[in-house]
Structures are given as structure tokens and as C-alpha cells.
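# Reading the structure
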Amino acid sequence: MVDINKLAWISYFREFKWQRIKKQWKEIISGSIIYLYVLTTFPAVFMDLKDKEYFLYLLAAIPMVWTAWSMMYSSVRLPKLMFMGPMSEMDRRSYLMSIWNIRFWFPNVLLIMVVVVRAILQPETWLFGILIIVQNLLMSCGTVYAGITTGTNMAELKGVGIFIIQMFLGLFAEMILLYYYASERDSLMERMMITWGILLAIQLLLVKKLLPYKKKLFDVMADFENIDRNQEKKGVKAV
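All of the points below concern the structure found in this document. Keep in mind that what you see is a predicted model, and the values were worked out from it rather than measured. (Residues numbered from 1 in each chain as written. Predicted model: local features only at pLDDT ≥ 70, side-chain atom pairs only at ≥ 80, totals over all residues. Heavy atoms only, no water.)

## Digging into the overall build of the protein chain
Cut-off, in case you're wondering: Under the scheme used here, helices are H or I runs from DSSP no shorter than 4 residues and strands are E runs no shorter than 2 residues, and both carry numbers assigned from the N terminus. Per-residue accessibility, obtained with a 1.4 Å probe over protein chains only, is compared with the maximum for each type, and a residue is labelled buried under 20%, exposed over 50%, and partly exposed between these values. The contact criterion used is simple: two residues touch if any of their non-hydrogen atoms lie within 4.5 Å.
Scanning the protein chain from terminus to terminus reveals eleven helices and zero strands. Secondary structure elements of the protein chain, listed N to C terminal, follow the sequence α-α-α-α-α-α-α-α-α-α-α. When the 239 residues of the protein chain are sorted by exposure, 46% land in the buried category. Residue pairs at least 24 apart in sequence account for 82% of intrachain contacts in the protein chain once pairs closer than 6 positions are excluded.

What follows is the structure, encoded as C-alpha cells:
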């Protein structure tokens, strides 16, 4: 009997093995440009990189960037085991749900831990910490749809492309919060927080639209016969 949750954890960490990174380094670099901007260019415009302000910014920005990058790089897909020894549809759905939850919650928990530590050391930052956690969860609601989904016909999920809007709105909103999370300047705070409030409302509306696609995504990926047909079209043998 296969432990679905254990298999899901193993599959998740295998996504980041060195062999795969070496093979896809060009795609990784090109897909990481926006995150390099978040960590370097953006703060360089607004803050002194030698000041402790930049260190505080990175403390929250790095876990946030890892959240988005890891979700885009890792995949939601059925492993070879489920082709070689087909499991029931319930087991396949259970596996897909486990992978989905790991991709969503594992990096977010890392960010939450960093924010909690900062709040303990500097109790006055607890409110911004909560806002960043909320914002990261909203951004993740879009980013979690990213990643290669082997055997999935995305044409069957018409409209799911709104996750891209959610993802980039979330990243932009997080940059606003992260800057003020690290900065002690208040001159533009009111305007920027109004901007963030507008972005927050838009993101909440997009999350509501994204929710139905999760079930549709699982329906497509858990359909073993559909996956098998798609693999044959690509010239991939299931067994």
C-alpha cells in the first residue's frame, strides 16, 4: 500500500533536484527575472542597500519570492507509479490534493515563521506582518495554478489564465507592503496603502473566480484514460 502523503512529499522535493535544474537552467533564469527585480532593482531605487532597512526587506522578500518561484517551478502531475500500477481515481485525487497543498502551504509556512520571528523581535511590526501573510496567501492563490501539469489539456480549463493576473497583481502588492514593512518612512504611506487596498479588492474578486477551476483541474488530471490518450499523442509510453 502506497502512502499517498509520503509519495507527494518525495515528488515535491524531487522537483528541485540538481539534475533537473541543470537541464532547465535557461528556462529557470528567464523565468526568475521578475524575482531578481523584486530582490535587487526595486529596493535599490527606494532604499540604501547598505542600510539595515534593506536587510529587513530581504528578510521577508526572500521567503515571498521563494513562494512564487517554487510554485511556478514545481508541477502538479501524476508520477510514473500511477502509470505503471494504476490507482483508483480516489487515490489519484488524494495524491493531487496532497501535492497541491504542499506546494501552497510549505513555502507560505516558511514566510509565516519569518514574520513571527520579526514580530517577536519588533512587536510594533505585527500588523504589517499580518498584512504580508494575507497578501502572500492571495498571491499564492494565483501562483499555485502555475507549473507544468503533465497530461492536462489546459484548453479544457478555458478562463483559468486569470491566475496570471492574480499572480502579478499579488507580486506588485507585496512589493508595496514589503517596502513599508522595512522602511520607517511615512511620507507616501497613505497613498500606497490606498493603492494596496484597491489591489486587495481586485485580488479577492479574482480568487472567487479561480475557486471553481481547482475542481476542474483535478477532474482532468485524475482522469487516467484522458492522461493516457494525451501521453500517446505526445509519444510517451505510460508503461
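Read on for the rest.
## With respect to the side chain of threonine 143
Here threonine 143 lies in helix H8 (residues 126–143). Those residues in contact with threonine 143 that lie beyond four places of it in its chain are Ala68, Met71, Met72, Arg103 and Met167.

## A closer look at the packing of aromatic side chains
In plain terms, the rule: Note on aromatic pairs: the rings of Phe, Tyr and Trp (six-membered ring only in Trp) are paired at centre separations within 6.5 Å, and the planes decide the class, stacked below 30 degrees, edge-to-face beyond 60, tilted for the rest.
A full pass over the atoms with the stated rule returns 14 aromatic pairs. Pairing tryptophan 9 with phenylalanine 13 gives two aromatic rings, centres 5.8 Å apart and planes at 20°, and the pair type is stacked. You can see tryptophan 9 and its partner phenylalanine 13 sitting in helix H1 (residues 4–14), four residues apart, about one turn around the helix. By relative accessible area, phenylalanine 13 is classed as partly exposed at 44%. Ring plane angle 40° and centroid distance 5.4 Å describe the contact between phenylalanine 16 and tryptophan 66, whose orientation is recorded as tilted. Of this pair, phenylalanine 16 sits in the loop between H1 and helix H2 (18–23) while tryptophan 66 sits in helix H5 (residues 52–73), placing them 50 residues apart in sequence. Joined through ring pairs, the aromatic side chains of Trp9, Tyr12, Phe13, Phe16, Trp66, Trp69, Tyr73 and Phe106 make up one cluster.

## Things to note about the packing of helix H7 (residues 89–121) against H8
The following threshold applies: Lines fitted to C-alpha atoms define the axes, with helix axes restricted to the stretch in contact, and inter-axis angles between N-to-C directions lie between 0 and 180 degrees. Convention used here: angles under 35 degrees read as roughly parallel, angles over 145 as roughly antiparallel, angles from 65 to 115 as roughly perpendicular, and any remaining angle as oblique. Under the convention adopted here, Pro, Cys and the residues Ala, Val, Leu, Ile, Met, Phe, Trp and Tyr are nonpolar, Asp, Glu, Lys and Arg are charged, and Gly plus all remaining residues are polar.
Between H7 and H8, whose axes approach to 10 Å, the crossing angle comes to 170°. By the angle between their axes, H7 is roughly antiparallel relative to H8. Contacts between H7 and H8 pair Arg103, Phe104, Trp105, Asn108, Leu111, Ile112, Val115 and Ala119 from the former with Trp126, Gly129, Ile132, Ile133, Asn136, Leu137, Ser140, Cys141 and Thr143 from the latter. Considering only residue class, the contact of H7 with H8 consists of eleven nonpolar, five polar and one charged.

## Considering H8
Stated formally: The span you would expect from a helix comes to 1.5 Å times its residue count less one.
Along its 18 residues, H8 runs 25 Å from first to last C-alpha, staying within 8% of the 26 Å computed at 1.5 Å per residue. When we look at burial in H8, the residues that qualify are Phe128, Gly129, Leu131, Ile132, Ile133, Gln135, Asn136, Leu138, Met139, Ser140, Gly142 and Thr143.

## Description of a nonpolar patch on the surface
Spelled out, the test is: Grouping into patches uses exposed residues only, defined as over 30% relative accessible area, and leaves out salt-bridged ones; the cut-off is 9 Å for like charges and 5 Å for nonpolar side chains (Val, Leu, Ile, Met, Phe, Trp, Tyr). All accessibility values rest on the Shrake-Rupley procedure with a 1.4 Å probe; residue burial counts only the protein chains present in the view. Think of a salt bridge as a Lys or Arg side-chain nitrogen and an Asp or Glu carboxyl oxygen that are within 4 Å of each other.
A surface patch of nonpolar side chains, amounting to about 450 Å² of accessible area, comprises Trp66, Trp105, Val109, Leu110 and Met113. With four residues, H7 is the largest single contributor of residues to the nonpolar patch. Along the chain, the position of methionine 113 falls in helix H7.

## Section: the nonpolar core
Across soluble globular proteins, you tend to see nonpolar side chains buried next to one another. To keep it simple, the criterion reads: Among buried residues, the Ala, Val, Leu, Ile, Met, Phe, Trp, Tyr and Cys ones that are joined through side-chain atoms within 4.5 Å form a nonpolar core.
With 58 residues, the main nonpolar core has Tyr57, Met64, Tyr95, Leu96, Trp100, Tyr145 and Leu178 as its most contacted residues. For this core, the elements supplying multiple residues, two or more each, are H1, helix H4 (33–46), H5, H7, H8, helix H9 (162–182) and helix H10 (189–221). Top contributing element to this core by residue count: H9, with eleven residues.

## Overview of the packing of H5 against H8
This is how it is decided: In a left-handed crossing the near helix is turned counterclockwise from the far helix by less than a right angle, and in a right-handed crossing that turn is clockwise.
Axis separation between H5 and H8 bottoms out at 10 Å; the angle between their running directions is 15°. On the basis of the axis angle, H5 is roughly parallel to H8. Crossing of H5 against H8: the hand is right-handed. Residue-level contacts link Met64, Thr67, Ala68, Met71 and Met72 of H5 to Asn136, Met139, Ser140 and Thr143 of H8. A per-class count over the contact of H5 with H8 returns five nonpolar, four polar and no charged.

## Section: H7
Quick note on the threshold: We define the bend at any residue as the angle between the axes fitted to the seven residues before and including it, ending there, and the seven starting there.
Here H7 spans 48 Å end to end across 33 residues, near enough to the 48 Å set by a 1.5 Å rise per residue. Maximal helix bending in H7 amounts to about 25°, located at isoleucine 102.

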